[in-house]
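Take a look at the letters that make up each chain.
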Amino acid sequence: MYKRFSVCFVIISFIAFTLYILLKKQSYKVIEIKSPTEIVVDFNKNNVADNDEIVELSEVFSFSTKPYNNTEILLKSLNITLEDALRLGYLAEKFANETLENKTVKVVHNKIIVDSKDYQQLLLDNGLGVKRKNPKLKKFLKTLEYARKLDLVIYNNKSQKYHKLTCKYGLLAHNSQIIFRTQVGKEAKPCKFCLSKKSKKSVENNFDYFSDDFIPDIKAPPMTLDLGYLKVFLSDMTRTAKPDNVCKSKMCQALVSEINSANESIDFAIYGYTKIPKLENALKQAMARGVNVRFVYDTNKNTNIYSDTFYLSKIIENNNFETSISIMHNKFFVIDKKVVFTGSANISNTDMSAFNSNCSLLIKSEQIANDFEKEFNQMYLGKFHSQKKKFSHCPININGTEIDYGFSLKDKTIQNKIIPLIDNAKNYVYIPTFILTHKELTDSLIKAHQRGVKVKIILDATNSHAKSHSKIKELRLAGIPVKTEVFAGKLHSKTILIDDTYTIVGSMNLSKSGESKNDENVVIIKNSQVTVFYKKFFEYLWTRIPNKWLKYSARAESPESIGSCRDGIDNDFGGKIDSQDDSCKIVKKKKSSKTAYKMKK
């Protein structure tokens, strides 16, 4: 009897222990709370907040102290004021942090289970959430009544000023938080517009919360187009707060896949490199299985903004580099002399993580691969820039898609290929680009606008203030709508879209240096499906950027570019990062700063 009891006890203990281990493996840590209904759960247990780890509570509305896409709808449907929503947002965020911060949770059917309780139901039970379908408002109304009694203000940590909850200047502050009025320190000063007795007019009555400064949270279009022989990859910098090196973007994953499938050779030309373990390991494994791997890179007189370039050159000994004032700015791979991967994306953490916006192409064509191989071999043998020989190459037709291409500096691609296409444009020319300083290209765009072609341009903030080169003022004065992006990541693409017909993509910036000094490549695709696909993304970016930036030019590292003062990146290449940068220290007292200019009429 005793033996049987002992055996049963051992078996039950073993089963219990096994269940405990299994349940523990299914538990995940909460590593970020974006809002009360958007929780980042560390599914892959790498302690990094990846985009695909956000759990959204789709069955319930909640509140936030920051604007989001459903705020206006929620105010109207619940018949509450903006001030009510901000008070409820304060309570909801406080509850979410106290309930979930650094907790281990389970995720079941998109529901978060914390301490054996359904977090979504906890929000509802505390009146901090409302069901999307068949809402029951009894608990919500009770919480609303309590929230209205709270004496809350907006406190700006930079200026040390405090504001009413609906004050324009408080709501737009990038360094603000909502706190109890009793928590305001003695050094804090009241906002002279909303709290000063001398103020004659209440600014809150003249401010629309959903104004030109609000970033519309619209659904992003598809980022990948697969035609079999041609794949197009886009990346959206408006959704990525910080770069990482986990190779999470589709373009990075596609490149790694091609490297892993290589049998004979991998030749690549890159501007620079920062460590991306998945890509680096793929290259090492390729060499281990006998694939001949070679590469060329830029040094710009032994300095490179990408810190791990020389580290990679020690791993891959078959390499060569460029040392002159001009740069080797290519970003292309030729794999097994059959496949070409090219575009605007550097092999860096900022580009491969989708922190920056880029376009990359994967082209399956032996003829195109052969021409890119010819270009690579010249550089591998030490011939860069003017030392290279121009070789003839014609447009390739693949399944009805015409693909043309050019190599700087011998082909003069802007002058000989791009400007003629713009001169013949009938309907529109859309340009999302890092920089635009090319004079003849600018003249061509102005002429297109004058003959009725719809011209729209989005420029990266980094180069919008280059007074001696940027064409932004000239283009705006000519009546062409030009927006500067306002996000932490860069608009790094160098793309032109024409008439639902042509898509121009490459490493070449739209500048004289890009065309006539550097080593670059450009691909011109004649395919309606490709252009319409990219056009939807352009229109999405255009809508996401407030109309305010049609008149003003945002600075790359400042509160004007969302998240740029806390992303750990030197966004404007000024040598200082985040709070060390003077632009991030500036507290704006006027609508526009000294460096942001309005177009003169």
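Everything that follows concerns the structure shown earlier in this document.
Let me sum up the structure you'll find in this document. On a predicted model such as this, the values are computed, not experimentally measured, just so you know. (Residues numbered from 1 in each chain as written. Predicted model: local features only at pLDDT ≥ 70, side-chain atom pairs only at ≥ 80, totals over all residues. Heavy atoms only, no water.)

## Things to note about the nonpolar core
In step 1: Ranked by size, the top nonpolar core spans 54 residues in total, and within it Leu230, Val232, Leu361, Ile368 and Phe372 carry the most contacts.
In step 2: Take this core: its biggest share by element is eight residues, from helix 16 (residues 528–544).
In step 3: Beyond its immediate chain neighbours, meaning those up to four positions away, Val232 contacts Met223, Thr224, Leu225, Cys359, Ser360, Leu361, Val530 and Phe533.
In step 4: Listed in part, the 41 residues of the second largest apolar core include Phe61, Phe63, Ala92 and Leu100. (Core = buried A, V, L, I, M, F, W, Y, C linked by side-chain atoms within 4.5 Å. Buried < 20%, exposed > 50% of the residue type's maximum accessible area, 1.4 Å probe, protein only. Helix = DSSP H or I, 4+ residues; strand = E, 2+ residues; numbered from the N terminus. Contact = heavy atoms within 4.5 Å.)

## Overview of the packing of helix 7 (residues 250–260) against helix 8 (residues 277–288)
In step 1: Packing of helix 7 against helix 8 brings their axes to within 9 Å, and their N-to-C directions diverge by 10°. The pairing of helix 7 with helix 8 is recorded here as roughly parallel in orientation. Touching Leu255, Val256, Ile259 and Asn260 of helix 7 are Lys278, Leu279, Ala282, Leu283, Gln285 and Ala286, all from helix 8. (Axes fitted to C-alpha atoms, helices over the stretch in contact; angles between N-to-C directions. Parallel < 35°, antiparallel > 145°, perpendicular 65-115°, else oblique.)

## A short note on the pairing of strand 23 (residues 428–433)
Each regular strand carries side chains that alternate between the two faces of the sheet.
In step 1: By the criterion of burial, strand 23 is predominantly enclosed, with six of the six residues buried.
In step 2: Residues of strand 23 alternate between two faces, with Tyr428, Tyr430 and Pro432 on one and Val429, Ile431 and Thr433 on the opposite face, all of them buried.
In step 3: For strand 23 and strand 24 (residues 454–459), the ladder comprises six bridges, and the chain directions are parallel. Its bridge partner lying in strand 24, Pro432 is registered against Ile458. (Pairing = 2+ DSSP bridges.)

## Describing the state of the cysteines
In step 1: If you walk through the whole model with that rule in mind, you get two disulfides.
In step 2: The disulfide bridge from Cys247 ends at Cys252, spanning 2.0 Å between sulfur atoms. As the torsion about the S-S bond is roughly -110°, the Cys247-Cys252 disulfide counts as left-handed.
In step 3: The class for Cys252 is buried, based on a relative accessible area of 0%.
In step 4: The disulfide partner of Cys565 is Cys584, and the S-S distance across this bridge is 2.0 Å. Here the S-S torsion is close to -90°, and the disulfide linking Cys565 with Cys584 is therefore left-handed. Residue Cys565 is located in the loop between helix 16 and helix 17 (582–585), and its partner Cys584 is located in helix 17; the two are separated by 19 residues in the primary sequence.
In step 5: For the protein, the bonded cysteines connect in the pattern 1-2, 3-4 when numbered consecutively along the sequence.
In step 6: Its sulfur unpaired, Cys191 is 3.7 Å from the next cysteine sulfur, which belongs to Cys194. (Disulfide = S-S within 2.5 Å.)

## Details of the packing of aromatic side chains
In step 1: In this structure the tally under the stated criterion is 22 aromatic pairs.
In step 2: Ring geometry for Tyr28 against Phe43: centres 5.0 Å apart, planes inclined by 70°, an arrangement best described as edge-to-face. Linking Tyr28 in strand 1 (residues 28–35) with Phe43 in the loop between strand 2 (38–41) and strand 3 (54–56), this pair joins segments that are 15 residues apart in sequence.
In step 3: The partly exposed category is assigned to Phe43, whose relative accessible area is 32%.
In step 4: Ring plane angle 90° and centroid distance 5.6 Å describe the contact between Tyr90 and Phe180, whose orientation is recorded as edge-to-face. Residue Tyr90 is located in helix 3 (residues 82–100), and its partner Phe180 is located in strand 11 (residues 176–180); the two are separated by 90 residues in the primary sequence.
In step 5: In this structure Tyr90 comes out as buried when scored by relative accessible area, which is 14%.
In step 6: We classify Phe180 as partly exposed; its relative accessible area is 27%.
In step 7: In this structure an aromatic cluster arises from ring pairing among Phe268, Phe295, Tyr297, Phe310, Phe321, Phe333 and Phe341.
In step 8: In this arrangement the basic side chain of Arg132 is found over the ring face of Phe61, its NZ or CZ atom lying 4.1 Å from the centre.
In step 9: Looking at Arg294, its charged tip hangs above the ring of Tyr380, at a distance of 4.6 Å from the centre. (Phe/Tyr/Trp six-rings, centres within 6.5 Å; stacked < 30°, edge-to-face > 60°. Lys NZ or Arg CZ within 6 Å of the ring centre and 35° of its normal.)

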